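Notes for the structure review
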Amino acid sequence: MASGKLLRQLIKSGAEGNLDAFRSVSEEVIREERAKQHHLLANDLEKILYGRPRPHRNIGEDNVPSDKERGLPLLAMKEPIRRLEDVVLSEENRTQFDEILAEHHHEDLLRSYGLEPADRLLFCGPPGCGKTLTAEILASELGRPLAVVRIDSVVSSYLGETAANLRKVFDFASTMPMVMLFDEFDAVAKERSDSAEHGELKRVVNSVLQMMDDYQGQSILIAATNHEGMLDSAVWRRFEEVLVFDPPNTEQTRCLLEIKLRGVRRNFELESTKLLELFKGMSHADIERVLRRAIKDMVLAKKEFLYKQHIEAAIRRENARRNRISGA
């Protein structure tokens, strides 16, 4: 909790109706709670004071490591803006996600028993099913910046440079608490027994395993892959939690439509079985793309309501797009 001095100042400024002083002291209380790693409380206080958590200005952009040979940044720092209500997870994933959040919100309690919150997570499943979004939301809910590892910059054609870049990434993760996402993780963690792979990649996998074992920072490391079958068998043992992302079922599709069409006037019911059947087999990203296209059509046609016909037209375009991709 905030110090007695701050509490006295807070109550005094509130009782006197001094709004500037009240805001200033409130911000100091929030900073103090965040410094104690009480991110949930700090986020709630910010929502009360500002309407939502404020973006953090110092998220480490100036210190991002770069590739030695090309000078390319090895990470992209992002301020997470989407929240838990913006994602639709399976019941199993939601349970795991809530447990991970609870562990980090009560990390002091766990450490008092010699335990640590889960900080090595593996997200796997087909593209467009919410892996990157869930990583962002975890960062948002914990009040941490999101660092996305740029695999195209990390992987180098120079002997030994890929492992050196990975070392810089892991070292950066130790500089401050963040959520670090290794997207396309299979690019640096492929099965070493594959005879088609050359010795350099096998050395990279060995380096990844060693760095994960040695990592002692406070950041949460998330590896995401669309090809979990390609991962080295030893990699799996380095992760404390594995979340499997699948295309949404009918109920998840309905929830996703409800989220994405929030605030959009429409003349159809989301519970319509025929409507939901139109999205069968689509990923979360596919559905979002369809809805965005349908809403654009509604706006450009200067219609007041979104009609089912807009959805059907957008789905026809999406199906044509998918057919072109699959036939390429």
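Residues numbered from 1 in each chain as written. Predicted model: local features only at pLDDT ≥ 70, side-chain atom pairs only at ≥ 80, totals over all residues. Heavy atoms only, no water.

With respect to the nonpolar core
A general feature of soluble globular proteins is that nonpolar side chains tend to end up buried together. Of all hydrophobic cores here, the largest spans 34 residues; its most connected members are L75, V149, L166, V169, M180, F182 and F185. Among the elements of the structure, strand 1 (75–78), strand 3 (146–149), helix 7 (151–154), helix 8 (161–173), strand 4 (179–182), helix 9 (199–214), strand 5 (220–225) and helix 10 (233–236) are those that each provide at least two residues to this core. Sorting elements by how many residues they give to this core places helix 9 first, with 7 residues. Apart from residues lying up to four places away in sequence, F182 is in contact with V149, L166, V169, F170, L221, I222, A223 and A224. (Core = buried A, V, L, I, M, F, W, Y, C linked by side-chain atoms within 4.5 Å. Buried < 20%, exposed > 50% of the residue type's maximum accessible area, 1.4 Å probe, protein only. Helix = DSSP H or I, 4+ residues; strand = E, 2+ residues; numbered from the N terminus. Contact = heavy atoms within 4.5 Å.)

Comments concerning the confidence of the model for the protein chain
Counting all residues, the mean pLDDT for the protein chain is 86, and 91% of those residues have values of 70 or more. In the model of the protein chain, helix 3 (residues 39–50) stands out as the element of lowest mean pLDDT, 70, in contrast to strand 2 (residues 120–124), which has the highest, 97. (pLDDT = per-residue confidence, 0-100.)

Section: the environment of G71
Summarising the element assignment, G71 is placed in the loop between helix 3 and strand 1. As for G71 and R167, which are separated by 96 residues in sequence, their C-alpha atoms are 16 Å apart.

Re the sheet that holds strand 1
The 6 strands lie next to each other as 1-3-4-5-2-6, forming an open sheet whose pairing is mixed. Where the open sheet ends on each side, the last strands, each with one partner, are strand 1 and strand 6 (241–244). In this sheet, adjacent strand axes meet at a mean angle of 20 degrees when their direction is disregarded. Together, strand 2, strand 5 and strand 6 form the strand contacts of helix 4 (residues 91–105), whose direction differs from that of strand 6 by roughly 145 degrees. (Pairing = 2+ DSSP bridges. Axes fitted to C-alpha atoms, helices over the stretch in contact; angles between N-to-C directions.)

So, the pairing of strand 3
The two faces of strand 3 match: L146 and V148 on one face and A147 and V149 on the other face are all buried. With 4 bridges connecting them, strand 1 and strand 3 associate as antiparallel partners. Along strand 3, the bridge assignment pairs L75 with V149. Across 4 bridges, strand 3 lies against strand 4 in parallel orientation. From the neighbouring strand, A147 faces strand 4, where its bridge partner is M180.

As for helix 11 (residues 250–260)
Every buried residue of helix 11 is accounted for by Q252, T253, R254, L256, L257 and I259. Where helix 11 starts, the residue carrying a side-chain oxygen 3.2 Å from the main-chain nitrogen of E251 turns out to be N249. (Polar contact = N/O pair within 3.5 Å; in protein donor to acceptor, adjacent residues only side chain to side chain.)

What to know about unusual backbone geometry
With a phi close to 55 degrees, E184 is a non-glycine residue in the positive phi region. Structurally, E184 can be placed in the loop between strand 4 and helix 9. A positive phi is found at K302, a non-glycine position, where the angle reads about 60 degrees. Inspection of the secondary structure puts K302 in the loop between helix 13 (284–300) and helix 14 (308–327).

Thoughts on the packing of helix 1 (residues 4–15) against helix 2 (residues 19–35)
Put simply, helix 1 and helix 2 touch, their axes get as near as 8 Å, and they point 155 degrees apart. As far as their axial angle goes, helix 2 and helix 1 are roughly antiparallel. Both helix 1 and helix 2 take part in a crossing whose hand is left-handed. Of the residues in helix 2, those in contact with L6, Q9, L10, S13 and G14 of helix 1 are A21, F22, V25, S26, E28, V29 and E32. Counted by class, the contact of helix 1 with helix 2 contains 6 nonpolar, 4 polar and 2 charged residues. (Parallel < 35°, antiparallel > 145°, perpendicular 65-115°, else oblique. Left-handed = near helix turned anticlockwise from the far one by under 90°. Nonpolar A, V, L, I, M, F, W, Y, C, P; charged D, E, K, R; others polar.)

Some remarks on the pairing of strand 2
Taken across its 5 residues, strand 2 has 5 buried, putting it largely inside the fold. Judged from the 5 bridges that link them, strand 2 and strand 5 form a sheet pairing that is parallel. Bridge pairing in strand 5 links L122 to A223. In this sheet, strand 6 lies alongside strand 2 in parallel orientation, the contact comprising 4 bridges. Looking at strand 6, one finds that L122 is bridged to V242.

Here we look at the side chain of T134
Secondary-structure assignment places T134 in helix 6 (residues 131–142). Under the relative-accessibility criterion, T134 is labelled buried at 1%. Residues contacting T134, with those up to four places away along its chain left out, are V87, L89, F97, F123 and F245.

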